[in-house]
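Observations on the three-dimensional arrangement
Here is how the chains run, residue by residue.
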Amino acid sequence: MGAKDLFAAQVVARSSATDKELSDIKSEFAAMGFDTGSSLGNSFSIAAPVDKFMSVLGDNTVMSSSLNNDSSFDDWVASSQQRGTLSSARLPETLRDRIADIVVTNRPAFGP
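Heads up: these notes are all about the structure in this document. (Residues numbered from 1 in each chain as written. Predicted model: local features only at pLDDT ≥ 70, side-chain atom pairs only at ≥ 80, totals over all residues. Heavy atoms only, no water.)

**Quick look at the sheet that holds strand β2 (residues 35–36)**
The condition is simple: By this definition, two strands are paired if DSSP reports at least two bridges between them. Starting at the N terminus, helices and strands are each numbered in turn, a helix being any DSSP run of H or I of at least four residues and a strand any DSSP run of E of at least two. We call two residues in contact whenever any of their non-hydrogen atoms come within 4.5 Å of each other. Fitted lines through C-alpha atoms give the axes, limited to the stretch in contact for helices. The angle between two N-to-C directions lies from 0 to 180 degrees.
The four strands are arranged β2-β3-β1-β4 in an open sheet whose pairing can be described as antiparallel. Across the chains shown, the open sheet's two edge strands, defined by having one partner strand only, are β2 and β4 (99–103). Judged from the seven bridges that link them, strand β1 (residues 6–13) and strand β3 (residues 43–49) form a sheet pairing that is antiparallel. Bridge pairing in β3 links Leu 6 to Pro 49. Contacting β1, β3 and β4, helix α2 (residues 50–57) crosses the sheet at an angle of about 115° to β3.

Have a look at this one:
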């Protein structure tokens, strides 16, 4: 699996989240198939293949086209990066209520 096949984001829990709640949120993302990074404050990173992000967090417009269509994914990434966040609307409400944001950063404008 190449770097282009992976996507990453930062999950930011509500500021009132306890260590236990943050651990539970991480466990829920792991159970959905995401690799989770170490916690830092009230946040942690998630990484997964592109199709996992699309199936769990992708918006319905993009989901209606093939996951193998690079332009649909690229459009979704560009839109997410322009907003700076991914929508949590497709997550279970009990998880969504404990998350402040799922943040994405722009890819560097240099390199391969």
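**Overview of helix α1 (residues 19–31)**
What counts is decided by this rule: Residue count minus one, scaled by 1.5 Å, sets the expected span of a helix. Note on exposure labels: buried denotes an accessible area under 20% of the residue type's maximum, exposed denotes more than 50%, and partly exposed covers the range between, all computed with a 1.4 Å probe on protein chains only. An arc is given here, and it is the one of the directions from the helix axis to the C-beta atoms.
Across its 13 residues, α1 extends 18 Å between first and last C-alpha, which sits within 8% of the 18 Å expected from 1.5 Å per residue. The complete set of buried residues in α1 reads Leu 22, Ile 25, Lys 26 and Phe 29. Down the axis of α1, the buried side of the element spans an arc of 100°, and every buried residue falls inside it. In α1, the exposed positions angled more than 90 degrees off the buried face are occupied by Lys 20 and Ala 31. In this structure, the buried residues of α1 make contact with β1, β2, β3, α5 (93–96) and β4. Directly beyond the C-terminal end of α1, a positive phi value near 105° is found at Gly 33.

**A short note on the pattern of salt bridges**
The test is simple: When a carboxyl oxygen of Asp or Glu is within 4 Å of a side-chain nitrogen of Lys or Arg, the pair counts as a salt bridge.
Evaluated as defined, the whole model comprises two salt bridges. Taking the shortest distance from any N to any O, the salt bridge between Lys 20 and Asp 24 comes out at 2.9 Å. Of the two residues, Lys 20 and Asp 24 are both situated in helix α1; the distance of four residues between them amounts to about one turn of the helix. In this structure Asp 24 comes out as partly exposed when scored by relative accessible area, which is 27%. In this structure, Arg 98 engages Glu 28 in a salt bridge whose closest nitrogen and oxygen atoms are separated by 2.3 Å. One end of the pair, Arg 98, is in the loop between α5 and β4; the other, Glu 28, is in helix α1, with 70 residues separating them in the sequence. When its relative accessible area of 22% is taken as the criterion, Arg 98 is described as partly exposed.

**Considerations on the packing of aromatic side chains**
Filter applied, for reference: The aromatic pairing rule takes the rings of Phe, Tyr and Trp, using the six-membered ring of Trp, and pairs them if the centres are within 6.5 Å, calling planes under 30 degrees apart stacked, those over 60 edge-to-face and the rest tilted.
Applying the stated criterion across every chain, the model contains four aromatic pairs. Between Phe 29 and Phe 44 the ring centres are 6.1 Å apart and the planes differ by 70°, which places this aromatic pair in the edge-to-face class. With Phe 29 in helix α1 and Phe 44 in strand β3, the pair connects residues that are 15 residues apart, well separated along the chain. Ring geometry for Phe 34 against Phe 53: centres 5.0 Å apart, planes inclined by 80°, an arrangement best described as edge-to-face. Here Phe 53 lies in helix α2 and Phe 34 lies in the loop between α1 and β2, a separation of 19 residues in the sequence.

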